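Each chain, written out:
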Amino acid sequence: MTTSHLIRPYRGTPAEDRVARRRADLLDAALTVFEAEGWSGVSARRVCEQAGLTRRYFYESFEDVDALMSALFDEITGEVRAAVRAVVTAADAPLDELARGAVSSGLDVLLSVPAKGRFVASAQSAGGPVAVRRARSLDDLASIVEKGFDAQGAEAISVGSRQARVAAIAAVGAALRIIDSWLSGEIDVTREEAVAWSTAAALGAVAAVGAA
């Protein structure tokens, strides 16, 4: 049995491109609904209404709302990781400058559309699949930071190779705790203060591991 009729182009656009476009529209709609109604307000019905799509197109890309929210989290944090990686791997600078640049670049992504930052901050209290994605995202960021340590050399960061992973995890955790608190409105500071204190916390965590 042939399935060619299922994948034929429509008005010159391949089927896979149409599916990808609808998926992107649903992700954009989910962020818009989240911004207006909060995490609990995101439903397949509301997202489809916002995107101007029928339910069948929702289930074409996502099994359920948890899958949608997980995909949205992955998309946003993927942008953050790319921004951090670009700073850590491309710059030849002292550790404190690299740390500040990485924090600032990652925060720029989250502030480019303010709802992105609030979404990621809200994810810290979400359970289910998003919690798994968050843990994986922290591990991925720590791996990027660890590679940055390798480029700096042991003398520059005062931690040995056995300590590098622990130091990277500690640095990421310390910085993100402050950033999440700022994005969620828990602390009232300026963007510059959020960057400065997150950077200081990350560097302090690295120094503490090195001194242990």
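Up top is the structure.
About the thresholds
Residues numbered from 1 in each chain as written. Predicted model: local features only at pLDDT ≥ 70, side-chain atom pairs only at ≥ 80, totals over all residues. Heavy atoms only, no water. Helix = DSSP H or I, 4+ residues; strand = E, 2+ residues; numbered from the N terminus. Contact = heavy atoms within 4.5 Å. Phe/Tyr/Trp six-rings, centres within 6.5 Å; stacked < 30°, edge-to-face > 60°. Buried < 20%, exposed > 50% of the residue type's maximum accessible area, 1.4 Å probe, protein only.

Visitor: If you had to explain the environment of phenylalanine 119 to someone new, which residues and values would you point to?
Guide: The residue phenylalanine 119 is located in helix 7 (residues 114-122) in this model. Linking phenylalanine 119 and isoleucine 76, residues 43 residues apart in sequence, is a C-alpha distance of 9.0 Å. In this structure, phenylalanine 119 is in contact with Leu31, Phe34, Trp39, Met69, Leu72, Phe73 and Ile76, ignoring residues within four places of it in sequence.

Visitor: Before we move on, can you summarise the packing of aromatic side chains with the specific residues and values?
Guide: In total, this model carries five aromatic pairs according to the counting rule given. Ring centres of phenylalanine 34 and phenylalanine 119 lie 5.3 Å apart, and the angle between their planes is 85 degrees; this geometry places the pair in the edge-to-face category. Of this pair, phenylalanine 34 sits in helix 2 (residues 15-37) while phenylalanine 119 sits in helix 7, and the two are 85 residues apart along the sequence. Like phenylalanine 119, phenylalanine 34 is buried. Taken together, a centroid distance of 4.9 Å and an interplanar angle of 15 degrees make the contact between tryptophan 39 and phenylalanine 119 stacked. Of this pair, tryptophan 39 sits in the loop between helix 2 and helix 3 (44-51) while phenylalanine 119 sits in helix 7, and the two are 80 residues apart along the sequence.

Visitor: Now, about the side chain of serine 104: what can you tell me, with residues and values included?
Guide: Summarising the element assignment, serine 104 is placed in helix 6 (residues 95-112). The exposure class of serine 104 is buried, given its relative accessible area of 19%. In this view, serine 104 contacts Arg191 and Val195; residues no more than four positions away in its chain are not counted.

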